[in-house]
Amino acid sequence: MNNIVVQKYGGSSVANTERIRNVARRIVRYKRMGSKMVVVVSALGDTTDELIKLSRSITRIPSEREMDMLISTGEQVSVALLAMAIHKMGEEAISFTGAQVGIITDSSHTKARIIDVNAKKIINELKDDKIVIVAGFQGITMNQDITTLGRGGSDTTAVALAKSLNAAVCEIYTDVDGIYTADPRIVKNARKLARISYEEMLELASLGAQVMHPRSIELAGKFKIPLHVRSSFNYRKGTIISEEVKMMEKVLVSGVTVNKKEAKITICDVPDKPGIAAKIFQNLAKANINIDMIIQNISRTGATDVSFTVQKDDLQKTINLANEISRSIGAEGVTSDNNIAKVSVVGIGMKTHAGVAAKMFSALADKKINIEMISTSEIKISCVIDKNKSEEAVKALHKAFKLSKKSIVKER
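The notes below deal with the structure included here. This structure is a prediction, so every number in the text was calculated from the model and none was measured.

### Details of helix H4 (residues 73-88)
Moving on, step 1. Given a rise of 1.5 Å per residue, 16 residues ought to cover 22 Å, and the 24 Å separating the end C-alpha atoms of H4 matches this to within 8%.
Moving on, step 2. Taken residue by residue, H4 has Gly74, Glu75, Ser78, Val79, Leu82, Ala83, Ala85 and Ile86 as its buried positions. Around the axis of H4, the buried residues are gathered within 160 degrees of arc, so they sit on the same side. Turned more than 90 degrees from where H4 packs its buried face, Met84 and Lys88 sit exposed.
Moving on, step 3. Glycine 90 occupies a position one or two residues after H4 and carries a positive phi of about 90 degrees.

### Remarks on the packing of aromatic side chains
Moving on, step 1. If you walk through the whole model with that rule in mind, you get two aromatic pairs.
Moving on, step 2. Ring geometry for tyrosine 9 and tyrosine 173: centres 4.7 Å apart, planes at 10 degrees, overall stacked. Taken together, the residues tyrosine 9 in strand E1 (residues 4-9) and tyrosine 173 in strand E9 (residues 169-174) connect sequence positions 164 residues apart.
Moving on, step 3. By relative accessible area, which is 0% here, tyrosine 173 ends up buried.
Moving on, step 4. The ring of tyrosine 235 carries arginine 26 above its face, with NZ or CZ at 4.1 Å from the centroid.

### As for the nonpolar core
Generally speaking, nonpolar side chains in soluble globular proteins are found buried as a group.
Moving on, step 1. Counting residues in hydrophobic clusters, the biggest one holds 39 residues, and the most contacted among them are Val6, Ile122, Cys170, Met201, Leu227 and Ile241.
Moving on, step 2. Per element, the largest residue contribution to this core is six residues, and it comes from helix H6 (residues 154-165).
Moving on, step 3. Not counting chain neighbours up to four residues away, the residues in contact with cysteine 170 comprise Val6, Ala158, Val159, Ala162, Ile225, Pro226, Leu227 and His228.
Moving on, step 4. Grouped together as the second largest cluster of nonpolar side chains are 24 residues, Val343, Met360, Ile381 and Ile385 included.

### Details of the pattern of salt bridges
Should the charged atoms of two oppositely charged side chains come close, the side chains can pair.
Moving on, step 1. Counting across every chain of the model gives 21 salt bridges.
Moving on, step 2. Put simply, glutamate 218 and arginine 113 hold a salt bridge, and the shortest N to O gap is 3.7 Å. Placement of glutamate 218 in helix H8 (residues 214-223) and of arginine 113 in the loop between strand E4 (103-105) and strand E5 (114-117) is noted, with a sequence separation of 105 residues between them.
Moving on, step 3. We classify arginine 113 as partly exposed; its relative accessible area is 42%.
Moving on, step 4. Where aspartate 292 meets lysine 342, a salt bridge forms, and the shortest distance between an N and an O atom there is 2.3 Å. On the criterion of sequence distance, the pair formed by aspartate 292 in the loop between helix H9 (276-286) and strand E15 (294-296) and lysine 342 in strand E18 (residues 340-346) is long-range, its members being 50 residues apart.
Moving on, step 5. Linked through salt bridges whose partners overlap, the residues forming this network are Lys31, Arg32, Lys36, Glu91 and Asp129.

### Digging into the pairing of strand E20 (residues 380-386)
Moving on, step 1. Most of E20 is tucked away, with six of its seven residues classed as buried.
Moving on, step 2. Pairing between strand E19 (residues 373-377) and E20: five bridges, direction antiparallel. Bridge assignment links threonine 376 to a residue of E20, and that residue is isoleucine 381.
Moving on, step 3. The loop that links E19 with its antiparallel partner E20 comprises two residues.

### Let's talk about the sheet that holds E1
Each strand in a sheet pairs with another by means of backbone hydrogen bonds, the pair being arranged parallel or else antiparallel.
Moving on, step 1. As summarised here, the arrangement of the eight strands in space is E3-E6-E2-E1-E9-E11-E12-E10, forming an open sheet in which the pairing is mixed. Looking at the sheet topology across the chains shown, the edges are occupied by strand E3 (93-96) and strand E10 (195-197). Direction aside, the axes of adjacent strands within the sheet are offset by 20 degrees on average.
Moving on, step 2. Seen against the sheet, H6 touches E1, strand E2 (36-41), strand E6 (131-135), E9 and strand E11 (227-231) and runs at an angle of roughly 175 degrees to E1.

### A closer look at the environment of alanine 220
Moving on, step 1. Within the fold, alanine 220 resides in helix H8.
Moving on, step 2. On a C-alpha basis, the gap between alanine 220 and threonine 48 in space is 25 Å, while along the polypeptide they are 172 residues apart.
Moving on, step 3. Setting aside residues no more than four positions away along its own chain, alanine 220 makes contact with Val159, Tyr198, Ile225 and Leu227.

### A closer look at the environment of lysine 359
Moving on, step 1. Along the chain, the position of lysine 359 falls in helix H11 (residues 356-366).
Moving on, step 2. Considering only alpha carbons, one finds lysine 359 and alanine 400, 41 residues apart in sequence, at a separation of 7.4 Å.
Moving on, step 3. Excluding anything up to four places from it in sequence, lysine 359 contacts Ala400 and Phe401.

### Quick word on helix H2 (residues 47-56)
Moving on, step 1. Every buried residue of H2 is listed here: Thr48, Leu51, Ile52 and Ser55. The buried residues of H2 occupy an angular sector of 100 degrees when the element is viewed end-on, so they sit on one face. Residues of H2 that are exposed and angled more than 90 degrees away from the buried face: Glu50, Lys53 and Leu54.
Moving on, step 2. Structurally, H2 contributes buried residues whose contacts are with helix H3 (64-71) and H4.

### What to know about the packing of helix H1 (residues 17-32) against H4
Moving on, step 1. Between H1 and H4, whose axes approach to 9 Å, the crossing angle comes to 60 degrees. Relative to H4, H1 is oriented oblique. The interaxial crossing formed by H1 with H4 has right-handed handedness. Here Ile20, Val23, Ala24, Ile27 and Val28 of H1 come into contact with H4, specifically with Leu81, Leu82, Ala85 and Ile86.
Moving on, step 2. Here the contact of H1 with H4 is composed, by residue class, of nine nonpolar, no polar and no charged.

The rules behind the values
Residues numbered from 1 in each chain as written. Predicted model: local features only at pLDDT ≥ 70, side-chain atom pairs only at ≥ 80, totals over all residues. Heavy atoms only, no water. Helix = DSSP H or I, 4+ residues; strand = E, 2+ residues; numbered from the N terminus. Expected span 1.5 Å × (residues − 1). Buried < 20%, exposed > 50% of the residue type's maximum accessible area, 1.4 Å probe, protein only. Arc of directions from axis to C-beta. Phe/Tyr/Trp six-rings, centres within 6.5 Å; stacked < 30°, edge-to-face > 60°. Lys NZ or Arg CZ within 6 Å of the ring centre and 35° of its normal. Core = buried A, V, L, I, M, F, W, Y, C linked by side-chain atoms within 4.5 Å. Contact = heavy atoms within 4.5 Å. Salt bridge = Lys/Arg side-chain N within 4 Å of Asp/Glu carboxyl O. Pairing = 2+ DSSP bridges. Axes fitted to C-alpha atoms, helices over the stretch in contact; angles between N-to-C directions. Parallel < 35°, antiparallel > 145°, perpendicular 65-115°, else oblique. Left-handed = near helix turned anticlockwise from the far one by under 90°. Nonpolar A, V, L, I, M, F, W, Y, C, P; charged D, E, K, R; others polar.

Structure follows, in structure tokens:
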């Protein structure tokens, strides 16, 4: 079957019964035009946040296995309701959990990775002319434990299914019209991109753009699966995420992002000896804590401060572990700061153009915004700053790189 369409609908697209009916109408419209439909759905609205809040009312550091048991229930509600809405419109639909359709993951609870997808059950239902609805964001281990893929993981579910089913297209539906040069809620004159490369989108997603899950872009890029990001509230074209094409190189910067969901940890007065840094970060890795930026001060007294950033969700867990590490290596203690934000500029054009860092730092300096940490790659520059100045920083950088002056890629 080469007429399979995979669609993913985020929580805002199915936030209430009227929006669920709206999504059902769109799906039925596609099916009646001749497509075989596989639909991945997130939990309704803020359901996942509410479930996490509920868990925190029981314990500050809940078991990650039990968290997966809890937060995976949100998608089970939305897939069943969407199937009911489609039935009401006269079409056959069937809903499944991630486990039921054979989405096998590793055992990294709350941030599991997909190992394999057995699409046999989906294919059999499509042959019976049914619309197949799959709970996003979740899977099951070889030991039959339920896992989740991390926030936004429904995107990854959709891309994995598109690959396994050799789908004709993978559409990601959200509450915005596509990928913008900045968050339009912060920068009112941000422009929608008609097209962006996997590489740029992966950086944007990893750096705080909330439209796509980073691992979904990684997977799509690996298997060359074109993605169409578009709004579930209209039928306009969105943004195509695909391989890099020549015209993209002409654009110096494609977008500006901000991430307010990280915190900074500092281990103070760390002995300046070979192997100490390895010991610190090996212990953090064993605890499945993802480190983003790292900075180590120059040693002048035989000791140095080591600072790094982590997701706020991992903050308390990291502080506890960092205190243990500090004692074991003879450091002086641990401090933390959750009032930070990371602003970044991203663009393939940075590969062949100089001066991007200078322009970025000047734009921040003009607004008297202090830079605490800096990280770079071939196509991005990130700075950690005071969270209270983050939106001002995004606006300043968007203006400095003239991202609202004209459309980055002309609509086709």
